[in-house]
Amino acid sequence: MGNRSEDNQRDTEHQKFLARAVKLAQDNVTREGGRPFGAVLVRGGRIVAEAVNTIHRSADVTAHAEIEALRAATTAAGNHRLDGAVMYASGHPCPMCLAAMYLSGVSAIYYALSLKDAEPYGISTDDIYQELAKPPASRQIPMEHIHVMAAEKLYPSWSQTKANDGPA
């Protein structure tokens, strides 16, 4: 367990990076009329990428701040793995962003505003978290496995290539 000085230093660092994520989000709202989300990705105590939600620019539903920061960092690194990186987000990450962080190896996530904070503004994703917690057959969007014989060779083919470097 760390001493009080180390804990205070860590808390100060978290506050600094969260404040940056919040500033990015506020600037996105004020300057562009974008959504109130900013993200800062840190590795080894240094910012490796930062981004805002850009759905308003691209109409791309996946253009969330955390995804945009992950894209920038993985592109710059030339590798989809970001093991040891820490994500700081202005708001609680949605399930898509959370899944992407798991897939990329992000080791910790800190956020400034909760799902409950977002709810009165219609931007909480708690309903999606609840939906995903249900068994697939109980979800609103039907999802069904259909066997396709040609698909049987797909994963074995992939596993024999050098591209096999972890989960999607």
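Residues numbered from 1 in each chain as written. Predicted model: local features only at pLDDT ≥ 70, side-chain atom pairs only at ≥ 80, totals over all residues. Heavy atoms only, no water.

**Considerations on the environment of serine 107**
Examined against the element boundaries, serine 107 turns out to sit in the loop between helix H4 (95-104) and strand E4 (108-113). When neighbours within four sequence positions are excluded, serine 107 is seen to be in contact with Gly84, Ala85 and Val86. Looking at serine 107, its side chain comes within polar contact range of the main-chain oxygen of glycine 84, at 3.5 Å. (Helix = DSSP H or I, 4+ residues; strand = E, 2+ residues; numbered from the N terminus. Contact = heavy atoms within 4.5 Å. Polar contact = N/O pair within 3.5 Å; in protein donor to acceptor, adjacent residues only side chain to side chain.)

**Thoughts on the sheet that holds strand E1 (residues 38-43)**
With respect to topology, four strands assemble into an open sheet ordered E2-E1-E3-E4, the strand pairing being mixed. Both edges of this open sheet fall to strand E2 (46-52) and E4, since each of them pairs with a single strand only. Taking the axes of each pair of neighbouring strands and ignoring which way they run, one obtains an average angle of 15 degrees across the sheet. Sheet topology places strand E3 (residues 86-91) next to E4; five bridges connect them, and they run parallel. When the bridges of E4 are listed, alanine 89 appears paired with tyrosine 111. Here helix H1 (residues 4-32) sits on the sheet in contact with E1, E2, E3 and E4, set at roughly 145 degrees to E1. (Pairing = 2+ DSSP bridges. Axes fitted to C-alpha atoms, helices over the stretch in contact; angles between N-to-C directions.)

**Notes on the pattern of salt bridges**
Summed over all chains, the structure comprises seven salt bridges. Of the charged contacts in the structure, one is a salt bridge between arginine 20 and glutamate 50, with a shortest N-O distance of 2.6 Å. In this pair, arginine 20 is assigned in helix H1 and glutamate 50 in strand E2, connecting sequence segments 30 residues apart. By relative accessible area, which is 29% here, arginine 20 ends up partly exposed. We classify glutamate 50 as partly exposed; its relative accessible area is 33%. With its nearest N and O atoms 2.9 Å apart, the salt bridge here joins lysine 23 to aspartate 27. With lysine 23 and aspartate 27 both in helix H1 and four residues apart, the pair spans about one turn of that helix. Within this structure, Lys23, Asp27 and Arg31 form a network of salt bridges that share partners. (Salt bridge = Lys/Arg side-chain N within 4 Å of Asp/Glu carboxyl O. Buried < 20%, exposed > 50% of the residue type's maximum accessible area, 1.4 Å probe, protein only.)

**With respect to the UniProt feature "domain: CMP/dCMP-type deaminase" (unreviewed entry) in the chain**
Mapped onto the present numbering, the UniProt feature "domain: CMP/dCMP-type deaminase" (unreviewed entry) falls at residues 12-136. The span residues 12-136 shows a helical share of 48% and a strand share of 20%, and its end C-alpha atoms are spaced 42 Å apart. (UniProt positions renumbered as here; feature names shortened; annotations may be inferred.)

**Points about the packing of helix H3 (residues 65-77) against H4**
Contact geometry of H3 with H4 gives a least axis separation of 9 Å together with a crossing angle of 25 degrees. By the angle class used here, H3 and H4 are roughly parallel. Helix-helix and strand crossings are classified by hand; for H3 and H4 the assignment is left-handed. Residues Glu66, Ile67 and Leu70 of H3 form the contact with H4, whose own contacting residues are Met96, Cys97, Ala100, Met101 and Ser104. Partitioned by chemical class, the residues of the contact of H3 with H4 number six nonpolar, one polar and one charged. (Parallel < 35°, antiparallel > 145°, perpendicular 65-115°, else oblique. Left-handed = near helix turned anticlockwise from the far one by under 90°. Nonpolar A, V, L, I, M, F, W, Y, C, P; charged D, E, K, R; others polar.)

**Topic: H1**
Taking 1.5 Å as the rise per residue, H1 with 29 residues should run 42 Å; its terminal C-alpha atoms sit 41 Å apart, in good agreement. Those residues of H1 lying buried are His14, Phe17, Leu18, Ala21, Leu24, Ala25, Asp27 and Asn28. Glycine 33 lies just past H1 and shows a positive phi near 75 degrees. (Expected span 1.5 Å × (residues − 1).)

**Examining the nonpolar core**
Formed by 17 residues in total, the largest nonpolar core has its most connected members in Leu41, Ala69, Leu70, Leu82, Met87, Met101 and Val106. Residue assignment for this core shows that the elements contributing at least two residues are E1, E2, H3 and H4. A per-element tally of this core places H3 first, with five residues. The residues touching alanine 69, leaving out its near neighbours within four places in the chain, are Ala39, Leu41, Ala49, Ala51 and Met87. Core analysis: the next-biggest nonpolar cluster, separate from the first, contains 10 residues, Leu24, Val52, Tyr88 and Ala108 among them. (Core = buried A, V, L, I, M, F, W, Y, C linked by side-chain atoms within 4.5 Å.)

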